[in-house]
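# Structure at a glance
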Amino acid sequence: MTLDATGTLFHCPDLGSLYARVLARHGIRVGGGEAERLIRLVWTELDCRSDPARDRFAAHPGGAEGWWRRFLERFCEHLGSPPPSRFAAAELFERFARSDAWRVFDDVPETLAALRGRGLRLAVVSNWDRRLPRLLERLGLDFERVVYSQEVGVEKPHPAIFERAFEALALPAGAILHVGDSPLHDLEGAIAAGAQALLLDRTDTRGHLTSLRGLAGIFE
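Residues numbered from 1 in each chain as written. Predicted model: local features only at pLDDT ≥ 70, side-chain atom pairs only at ≥ 80, totals over all residues. Heavy atoms only, no water.

### As for the overall build of the chain
Per the secondary structure count, the chain includes 11 helices and seven strands. For a compact globule of 220 residues, the expected C-alpha radius of gyration is about 17 Å, and the chain comes in at 18 Å, within 12% of that figure. Overall, the C-alpha framework of the chain stretches about 55 × 35 × 30 Å when taken along its three principal axes. The buried share of the chain, reckoned over its 220 residues, is 48%. For the chain, the proportion of contacts with a sequence separation of at least 24, taken over those separated by at least 6, is 62%. Positive and negative charge centroids in the chain, built from 28 and 31 side chains respectively, lie 5 Å apart. (Helix = DSSP H or I, 4+ residues; strand = E, 2+ residues; numbered from the N terminus. Rg over C-alpha atoms; globule rule 2.2 N^0.38 Å. Buried < 20%, exposed > 50% of the residue type's maximum accessible area, 1.4 Å probe, protein only. Contact = heavy atoms within 4.5 Å. Lys, Arg positive; Asp, Glu negative; His and termini not counted. Charge placed at Lys NZ, Arg CZ, Asp CG, Glu CD.)

### Some words on the pattern of salt bridges
In total, this model carries 21 salt bridges according to the counting rule given. Here Glu-45 ties to Arg-74 by a salt bridge, and the two come within 2.9 Å at their closest N and O atoms. In this pair, Glu-45 is assigned in helix H2 (residues 32–49) and Arg-74 in helix H4 (residues 63–79), connecting sequence segments 29 residues apart. Between Arg-145 and Glu-151 there is a salt bridge, and its shortest N-O distance comes to 3.5 Å. Assessed through its relative accessible area of 24%, Arg-145 is described here as partly exposed. Judged by relative accessible area, which is 35%, Glu-151 ranks as partly exposed. One network of salt bridges, in which partners are shared, links Glu-45, Arg-70, Glu-73, Arg-74 and Glu-77. (Salt bridge = Lys/Arg side-chain N within 4 Å of Asp/Glu carboxyl O.)

### Some words on the sheet that holds strand S4 (residues 123–126)
Spatially, the five strands line up as an open sheet ordered S5-S4-S1-S6-S7, and their pairing is parallel. Since the sheet does not close on itself, it has two edges, and those belong to strand S5 (145–148) and strand S7 (196–199), each with one partner. Note: S4 against S5, four bridges, orientation parallel. Bridge pairing links Val-125 to Val-147 in S5. Relative to S7, helix H10 (residues 183–192) is tilted by about 160°, and along the sheet it contacts strand S6 (177–180) and S7. (Pairing = 2+ DSSP bridges. Axes fitted to C-alpha atoms, helices over the stretch in contact; angles between N-to-C directions.)

### Comments concerning the packing of H4 against helix H5 (residues 86–95)
Viewed as axis vectors pointing N to C, H4 and H5 meet at an angle of 115°, and their least axial separation amounts to 9 Å. Two packed elements cross with a definite hand, and for H4 against H5 that hand is right-handed. Of the residues in H5, those touching H4 at Ala-64, Glu-65, Trp-68, Arg-69 and Leu-72 are Arg-86, Ala-88, Ala-89, Leu-92 and Phe-93. Among the residues making up the contact of H4 with H5, the classes are represented as seven nonpolar, no polar and three charged. (Left-handed = near helix turned anticlockwise from the far one by under 90°. Nonpolar A, V, L, I, M, F, W, Y, C, P; charged D, E, K, R; others polar.)

### A word on the nonpolar core
Core analysis: the biggest nonpolar cluster contains 57 residues, and Phe-10, Tyr-19, Phe-75, Leu-141, Val-179 and Leu-215 have the highest contact counts within it. Looking at this core, the elements that each hand over two or more residues are helix H1 (15–24), H2, H4, H5, helix H6 (108–117), helix H7 (132–138), S5 and S6. Those residues in contact with Leu-141 that lie beyond four places of it in its chain are Leu-9, Phe-10, Val-104, Val-108, Leu-112 and Leu-136. One finds Val-154, Ala-165, Leu-187 and Ala-197 within the second-largest nonpolar core, a separate group that totals 17 residues. (Core = buried A, V, L, I, M, F, W, Y, C linked by side-chain atoms within 4.5 Å.)

### A closer look at the environment of Ser-17
Looking at the element boundaries, Ser-17 is found in helix H1. Linking Ser-17 and Asp-107, residues 90 residues apart in sequence, is a C-alpha distance of 25 Å.

### Observations regarding the pairing of S7
Alignment of S6 against S7, held across four bridges, turns out to be parallel. Considered in S7, the bridge of Gly-180 is made with Leu-199. Regarding the hand of the β-α-β motif, the stretch spanning S6, H10 and S7 is right-handed. (Right-handed = clockwise from strand over helix to strand, strands pointing away.)

See the structure below:
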């Protein structure tokens, strides 16, 4: 079985405020609510320009750090502030590598334990940079394999990132169930790669699941 990372296993409940506090130390003033709005705006802008066949972090000349530096520059352009220093970008990059920037969803530890108790092999498949394996360790989340886009060189929904996980688990695609919160990246991507998939939507009933707690019962 494979799972997505952000929005499925953990989230950042204080995203805008974290940005605001770090940027204030570098002379950039922004409220938490406005910071969160701009983060989502810039993410959408850059996501629309990305090609799943070329991971954004691996393809950037500066690697993940360079991509996130450009993210912050675009953030400041929208804010109307001067370009940020490289020190501001570096501090934000390291801040989100720490476990205290994130919160594991309450249903995750018990669900993972229940799935392992049924003999399932578990892996993560996520559009993330090189910080993800260490972050999962710091969050106390143990997986047999962590497959992330910067390492593979492609992003979900590209089938190659799913295929890397299938190979790592030594299981055929049809024997894999993938769960994630993105209709395109997780649901459609996994199905196109030959796996089964369930959509997690914690906010309403649009998905197949509103909590991971329902997963263990599927395998009874």
